[in-house]
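# Structural description and commentary
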Amino acid sequence: MRILVVEDEVKMAALVRRGLREEGMACDVAVRGEDAVWMAGSTEYDAIVLDVMLPGIDGFETCRKLRDDGVWSPVLMLTARDSVEDRVAGLDGGADDYLTKPFSFAELLARLRALVRRRPVERPVLLEVGELRLDPSTRQVWRGEDEISLSAKEFALLETFMRRPGEVLSRFQLLEHAWDYEYENRSNVVDVYVRYLREKIDRPFDRDSIETIRGAGYRMRKQS
Ligand code: CA
């Protein structure tokens, strides 16, 4: 296992590195976010421990840059304060977990092990299918440069489609992902909302991103 530790406090970084090496892990240290970005771009780390407070670009920005560069190693963020805003910003920025300083080394190890068990898979912060873009954290949707305003339900439905472009999704699958148990108990609720969605994301732009697959459900075209 090879871990990248991004921390500018020399003592702290040395402590973490020694601890990880004692556990048989390989460990590199970066002092700046900018260095972390190029290091993680050239080496496939099993996990990245990323401090929020860094000289130059901070941990949030570093995490965003990593994800923008297509680096999907799990990121464990270290926050100095137990602030809800920091944690939310970190997780929305593409971090997988966080730990508040001061932390116990045993907990750091346990969280790292849990993160490494997940393979690095692509988990983009911003969903993109063709010209459509969707930001789950700000709940914004665009086609090209045009921002589109959607209701909560339409947004949930579109997000479901955009997480599975090219896949045929049955009405049941769409219900399961975009509606909770309180859903309006109408058998055609999915069809109704697909129609609303088409009116907003397709018709004004003369596009046809959501195909009806007879007898099966719907499919979002990969090139919407
Ligand atoms: Ca620091």
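Our structure's up above, just so we're on the same page.
The structure contained in this document is the topic of the report that follows. Note that the coordinates shown come from a computational prediction; the quantities given were computed from them, not determined experimentally. (Residues numbered from 1 in each chain as written. Predicted model: local features only at pLDDT ≥ 70, side-chain atom pairs only at ≥ 80, totals over all residues. Heavy atoms only, no water.)

## A short note on the sheet that holds strand β4 (residues 75-79)
Note on sheets: strands pair through backbone hydrogen bonds, and any given pair is parallel or antiparallel. As summarised here, the arrangement of the five strands in space is β2-β1-β3-β4-β5, forming an open sheet in which the pairing is parallel. Two strands close off the open sheet at either side, each with one partner strand: β2 (26-30) and β5 (97-100). Strand after strand, the sheet turns through a mean of 20 degrees between neighbouring axes, direction not considered. Pairing geometry for strand β1 (residues 2-6) and β2, over five bridges, is parallel. Bridge pairing in β2 places I3 opposite C27. The strands that helix α1 (residues 10-22) touches are β1 and β2; relative to β2, the one it contacts most, it runs at about 165 degrees. Of the strands in this sheet, β3 (47-51) and β4 are in contact with helix α3 (residues 59-68), which crosses β4 at around 170 degrees. (Pairing = 2+ DSSP bridges. Helix = DSSP H or I, 4+ residues; strand = E, 2+ residues; numbered from the N terminus. Axes fitted to C-alpha atoms, helices over the stretch in contact; angles between N-to-C directions. Contact = heavy atoms within 4.5 Å.)

## Looking at unusual backbone geometry
For the bond from K101 to P102, the omega torsion is -5 degrees, close enough to zero to count as cis. One non-glycine residue, R139, adopts positive backbone phi at about 60 degrees. Among the structural elements, R139 can be located in the loop between β7 (132-135) and β8 (140-143). Since its relative accessible area comes to 47%, R139 is described here as partly exposed. A positive phi angle, close to 55 degrees, is found at D206, a residue other than glycine. The class of D206 is exposed, set by a relative accessible area of 71%. (Buried < 20%, exposed > 50% of the residue type's maximum accessible area, 1.4 Å probe, protein only.)

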